[in-house]
Amino acid sequence: MSYTTNMSLLARVRAGDEISWSDFYRCYAPLIREVGTTCGVRGHDSDALVVLVMEEIFQKKILEKYDPDHVPNDVCFKYDPQKGRFRYFLRGVARNCARNLYRKYRSVSIDDEMHPMVADPVDEWESIWDREWERHILAQAMVELRNHVQTKTFVAFEMYAVKGDPVEKVAKFLDCSVDSVYTAKSRCIRELKKIVRNLEEI
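Residues numbered from 1 in each chain as written. Predicted model: local features only at pLDDT ≥ 70, side-chain atom pairs only at ≥ 80, totals over all residues. Heavy atoms only, no water.

Participant: Just to check I follow, could you spell out the overall build of the protein for this structure?
Facilitator: Check the secondary structure of the protein and you find 8 helices and 2 strands. Each helix and strand of the protein, ordered N terminal to C terminal, gives the series α-β-α-α-β-α-α-α-α-α. Pairs at least 24 residues apart make up 68% of the contacts formed inside the protein by residues separated by at least 6 positions. Accessible surface, the protein as shown: approximately 11300 Å² in total, 47% of it carbon and sulfur. (Helix = DSSP H or I, 4+ residues; strand = E, 2+ residues; numbered from the N terminus. Contact = heavy atoms within 4.5 Å. Areas by Shrake-Rupley, 256 points an atom, 1.4 Å probe, with all protein chains shown as cover.)

This is the structure:
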């Protein structure tokens, strides 16, 4: 699963800046949906989970007024860093919403086989969330890395270190030496580690 949004959003959340609905939704809806699905929330229920979390975060029934793709930019969320790490705050909100959704269906379903949400989705929520969050962070770090190094350096790193292409193939494709590919890999790994360390504090 990939999460495609501007990495700076994570830094803005950490700083306590206002975040627009569209930026927040684009960044975190896929993460919430992925974790929910892994924990047993299926089909339209995963979309319902995203709705519940977003309504909780933004503290208003905005989805009754707007289509998720057309919410005005003045609908914003601001997180207080004094409350602790945002990653744990969001994990807790999503976990509680998943449990509420589960309880809702359990109260109306006599036979578990009638509904795909057959087990409490929060049994392993924290470990699954943390794993997906790390993937989320890495995806954002890769976006930021692309902006930190020259295009040729990034392509060499992506082809050789990420995709696993043979070093000779990468060197030929980029018209550079094999040593240059090795150097690009080392430089990008160092830079990537710095970016990830910064993001992990959120």
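So, next bit.
Participant: Any chance you could explain the nonpolar core here in plain terms?
Facilitator: The nonpolar side chains of a soluble globular protein tend to be buried, and buried together. Ranked by internal contacts, the top residues of the largest apolar core, which has 49 residues, are Phe24, Tyr28 and Met54. Residue assignment for this core shows that the elements contributing at least two residues are helix H1 (8-15), helix H2 (21-38), helix H3 (44-58), helix H4 (86-108), helix H5 (125-148), helix H6 (151-162) and helix H8 (178-199). With residues near it in sequence (within four places) discarded, Met54 still touches Trp21, Phe24, Tyr25, Tyr28, Ala29 and Ile32. In this structure, Met159, Val167, Leu174 and Ala184 belong to the second largest nonpolar core, which totals 8 residues. (Core = buried A, V, L, I, M, F, W, Y, C linked by side-chain atoms within 4.5 Å. Buried < 20%, exposed > 50% of the residue type's maximum accessible area, 1.4 Å probe, protein only.)

Participant: Is there a simple way to explain a positive patch on the surface in this structure?
Facilitator: Together, Arg187, Arg190, Lys193, Lys194 and Arg197 make up a region of like positive charge exposed at the surface. Checked against the element boundaries, Arg197 lands in helix H8. (Patch = residues over 30% accessible without salt bridge, like charges linked within 9 Å, V, L, I, M, F, W, Y side chains within 5 Å. Salt bridge = Lys/Arg side-chain N within 4 Å of Asp/Glu carboxyl O. Lys, Arg positive; Asp, Glu negative; His and termini not counted. Charge placed at Lys NZ, Arg CZ, Asp CG, Glu CD.)

Participant: Help me out: how do you make sense of the layout of surface pockets in this one?
Facilitator: Any space left empty among the atoms is revealed by the rolling of a water-sized probe across them. For the largest pocket, the calculated volume is near 180 Å³. Lining the largest pocket are Glu56, Ile57, Phe58, Gln59, Cys76, Phe77, Lys78, Tyr79, Asp80, Lys83, Phe89 and Val93. Contributing elements (two or more residues each) for the lining of the largest pocket: H3, strand E2 (76-78) and H4. A class-by-class count of the residues in the lining of the largest pocket yields 7 nonpolar, 1 polar and 4 charged. (1 Å grid on protein atoms, 1.4 Å probe; cavity = no way out; pocket = protein on both sides within 12 Å on 5 of 7 lines; lining within 4 Å. Points joined across faces, edges and corners; volume = space filled by probe spheres on them. Nonpolar A, V, L, I, M, F, W, Y, C, P; charged D, E, K, R; others polar.)

Participant: It is not clear to me how unusual backbone geometry should be interpreted in this structure. Could you clarify?
Facilitator: As a rule of thumb, non-glycine residues mostly have phi less than zero, and peptide bonds are mostly trans rather than cis. Its identity as a non-glycine residue notwithstanding, Asp175 has a phi of 55°, on the positive side. Along the chain, Asp175 falls in the loop between helix H7 (167-174) and H8. The exposure class assigned to Asp175 is exposed, which follows from its relative accessible area of 70%.

Participant: Is there a simple way to think about the packing of H6 against H7 in this case?
Facilitator: Angle between the axes and distance between the axes: these two values describe a pair of packed helices. Packing of H6 against H7 brings their axes to within 9 Å, and their N-to-C directions diverge by 150°. By the angle between their axes, H6 is roughly antiparallel relative to H7. For the element pair H6 and H7, the recorded crossing hand is right-handed. Contacts between H6 and H7 involve Lys152, Val155, Ala156, Met159 and Tyr160 from the first element and Val167, Val170, Phe173 and Leu174 from the second. (Axes fitted to C-alpha atoms, helices over the stretch in contact; angles between N-to-C directions. Parallel < 35°, antiparallel > 145°, perpendicular 65-115°, else oblique. Left-handed = near helix turned anticlockwise from the far one by under 90°.)

Participant: How should the pattern of salt bridges be read in this particular structure?
Facilitator: Close approach of charged atoms allows side chains with opposite charge to pair. Overall, the coordinates contain 7 salt bridges when judged by the stated rule. Between Arg91 and Asp130 there is a salt bridge, and its shortest N-O distance comes to 3.0 Å. Here Arg91, found in helix H4, pairs with Asp130, found in helix H5; they are 39 residues apart in sequence, far enough to count as distant. If you follow the salt bridges from partner to partner, you end up with Arg91, Glu126 and Asp130 in one network.

Participant: Can you walk me through the packing of H2 against H3 in this structure?
Facilitator: Across the interface, H2 lies against H3 with an axial gap of 9 Å and an inter-helix angle of 135°. Relative to H3, H2 is oriented oblique. Taken as a pair, H2 and H3 cross one another with a handedness that is right-handed. Along the contact surface, H2 presents Trp21, Phe24, Tyr25, Tyr28, Ala29, Ile32, Arg33, Gly36 and Thr37, while H3 presents Ser46, Asp47, Leu49, Val50, Val53, Met54, Ile57 and Phe58. Along the lines of polarity and charge, the residues of the contact of H2 with H3 split into 12 nonpolar, 3 polar and 2 charged.

Participant: How do you make sense of the confidence of the model for the protein when you look at a structure like this?
Facilitator: Model confidence for the protein is summarised by a mean pLDDT of 81, while 85% of its residues fall at 70 or above. Counting interchain partners and residues more than four positions distant, the pLDDT-below-50 stretch residues 1-5 has 18 contacts. Overall, residues 109-118 carries pLDDT values under 50, and its contacts beyond four positions in sequence, including any with other chains, amount to 15 contacts. (pLDDT = per-residue confidence, 0-100.)

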